[in-house]
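# Fold and geometry: a report
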Amino acid sequence: LFQAIEDVVEGVGAKKPKHVYLSHDINAAAFYEPRFWNLILPSRKNLVLGLGLVHGLDVDELKSIIAHEFGHFSQRSMKLGPFATLTTDIIKRQVQSPEWLRDIINAMSYIPYIRLVGLAMVVLIQGVQSITASMYRFVMIAHFQLSRQMEYDADRVACEYIGRKAFISAMCKVEYKEQANGDFWNFLNDLYRRGRFVE
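Within every chain, residues take consecutive numbers counted from 1 along the sequence as written. Under the rules for a predicted model, residues below a pLDDT of 70 receive no local features and side-chain atom pairs below 80 are neither given nor counted, while totals for whole chains, interfaces and linings still include all residues. The basis for every side-chain value is the complete set of non-hydrogen atoms in the structure, without hydrogens or water.

### Structural notes on the packing of helix H1 (residues 2–12) against helix H3 (residues 59–73)
Heads up, the rule is: Axes here mean lines fitted to C-alpha atoms, for a helix over just the part in contact, with angles spanning 0 to 180 degrees between N-to-C directions. Helix and strand labels come from DSSP, where a helix needs a run of H or I of at least four residues and a strand needs a run of E of at least two; each type is numbered from the N terminus. Each angle gets one of four labels, with under 35 degrees taken as roughly parallel, over 145 as roughly antiparallel, 65 to 115 as roughly perpendicular, and the rest as oblique. By the definition used in this description, the sense in which the near helix is turned from the far one sets the handedness, with an anticlockwise turn below a right angle giving left-handed and a clockwise turn giving right-handed. Two residues form a contact once any of their heavy atoms are found within 4.5 Å. When residues are sorted by character, Ala, Val, Leu, Ile, Met, Phe, Trp, Tyr, Cys and Pro go into the nonpolar class, Asp, Glu, Lys and Arg into the charged class, and all the rest, Gly among them, into the polar class.
Two elements in contact, H1 and H3, have axes separated by 10 Å at closest approach and are oriented at 50°. Regarding the angle of H1 to H3, the classification is oblique. Between H1 and H3 lies a crossing of right-handed hand. In contact with Ala4, Ile5, Asp7, Val8, Val9 and Val12 of H1, H3 contributes Lys63, Ile66, Ala67 and Phe70. A breakdown of the residues in the contact of H1 with H3 according to their chemical character gives eight nonpolar, no polar and two charged.

Written out as structure tokens, the structure reads:
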């Protein structure tokens, strides 16, 4: 596995991942560590490989998936990821968490004159929330478009490195294996709900 990673690193011209993690999933991903200082300071990316990929693909197919992830390693736009995630999370909390508005009303409801001020504040804040919701939709559309373009670019890196045939074969196998894995767990859950067990 690590020899395959070394081969792809050399072939694609990407930097080595800081860490390589193995998971039980049928998936692979490149990511930054979620640290506050990584919003400012550069950080090496990490690689996650699912064992379902390792066991279900041949060497060239596995390398094509790794090359796709290293395609993300070379994208400068990935540096926007932590900022985009933080920004959308802040906006989402403002739009979808109105509990603190009720707290303002409740705190001011016992004093008549102050309650009027509180109600005026609520109307003002709700107007700001409405504007923020529109901004959130705009930001999310742009974020989705950027993510999609990054996937296309990473696909191109994989195809240029290993060839289209191996990459297409790998993607078809991954889709099939994900569907089969989901069907398998649904089958086991159904047996469990009916009180039947597999020995």
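### Quick look at the nonpolar core
To keep it simple, the criterion reads: The nonpolar core is taken to be a set of buried Ala, Val, Leu, Ile, Met, Phe, Trp, Tyr and Cys residues, with the residues joined through side-chain atoms within 4.5 Å. Categorising residues by exposure relies on relative accessible area from a 1.4 Å probe, with only protein chains included: less than 20% of the type maximum marks a residue as buried, more than 50% marks it as exposed, and the intermediate range marks it as partly exposed.
Counting 21 residues, the largest nonpolar core has Ile5, Leu53, Ile65, Ile66 and Phe70 as its most contacted members. Going through the elements one at a time, H1, strand E2 (28–31), strand E3 (46–50), H3 and helix H7 (164–193) are the ones with two or more residues in this core. Per element, the largest residue contribution to this core is six residues, and it comes from H3.

### Observations regarding the confidence of the model for the protein
The condition is simple: pLDDT runs from 0 to 100 and stands for how confident the predictor is about each residue.
Within the protein, residue pLDDT values average 78, and 69% of them lie at 70 or more. When pLDDT is averaged over each element of the protein, strand E1 (residues 20–23) comes out on top at 92 and helix H5 (residues 99–108) at the bottom at 60.

### Describing a nonpolar patch on the surface
We count it as follows: Exposure above 30% relative accessible area and the absence of a salt bridge qualify a residue for a patch, where like charges join within 9 Å and nonpolar side chains (Val, Leu, Ile, Met, Phe, Trp, Tyr) within 5 Å. Accessible areas in this description were obtained via Shrake-Rupley with a 1.4 Å probe; residue shielding takes into account the shown protein chains only. A carboxyl oxygen of Asp or Glu within 4 Å of a side-chain nitrogen of Lys or Arg is what we treat as a salt bridge.
A cluster of nonpolar side chains, namely Leu1, Phe2, Leu22 and Leu51, defines an oily patch on the protein surface of about 370 Å² accessible area. Position of Leu51 relative to the elements: it lies in helix H2 (residues 51–56).

### Some remarks on the packing of H3 against H7
It is the contact of H3 with H7, at a shortest axis distance of 8 Å, that shows an interaxial angle of 90°. The angle between the axes of H3 and H7 places the two elements in the roughly perpendicular class. Here H3 contributes Asp60, Glu61, Ser64, Ile65 and His68 to the contact with H7, which in turn contributes Ala166, Phe167, Ser169, Ala170, Met171, Lys173 and Val174. Considered class by class, the residues forming the contact of H3 with H7 number six nonpolar, three polar and three charged.

### Some points on the pattern of salt bridges
Tallied over the entire structure, the rule returns six salt bridges. The closest approach of N and O atoms between Arg156 and Glu160, which form a salt bridge, is 3.5 Å. Of this pair, Arg156 and Glu160 both sit in helix H6 (residues 112–162), four residues apart, which is roughly one turn of the helix. One salt bridge connects Arg193 with Asp190, and the closest N-O pair in it is separated by 3.9 Å.

### Comments concerning the pairing of E3
Condition: If DSSP finds at least two bridges between two strands, the strands pair.
Taken across its five residues, E3 has five buried, putting it largely inside the fold. Of the two faces of E3, the one carrying Asn46, Val48 and Gly50 and the one carrying Leu47 and Leu49 are both buried. In this structure, E2 lies alongside E3, joined through four bridges in antiparallel fashion. The residue of E3 that forms the bridge with Phe31 is Asn46.

### Concerning H3
Put simply, the test is: Here a helix's expected span is defined as the number of its residues, less one, multiplied by 1.5 Å. N or O atoms closer than or at 3.5 Å make up a polar contact, with two conditions inside protein: a donor-capable atom paired with an acceptor-capable one, and, for residues adjacent in sequence, both atoms drawn from side chains.
Helix length check: H3 (15 residues) gives 21 Å between terminal C-alpha atoms against 21 Å at 1.5 Å per residue, within 8%. The buried count for H3 comes to 13 of 15 residues, which makes it a mostly enclosed element. Two or three places before Asp60, at the start of H3, stands the capping residue Asp58, its side-chain oxygen 3.2 Å from that residue's backbone nitrogen.

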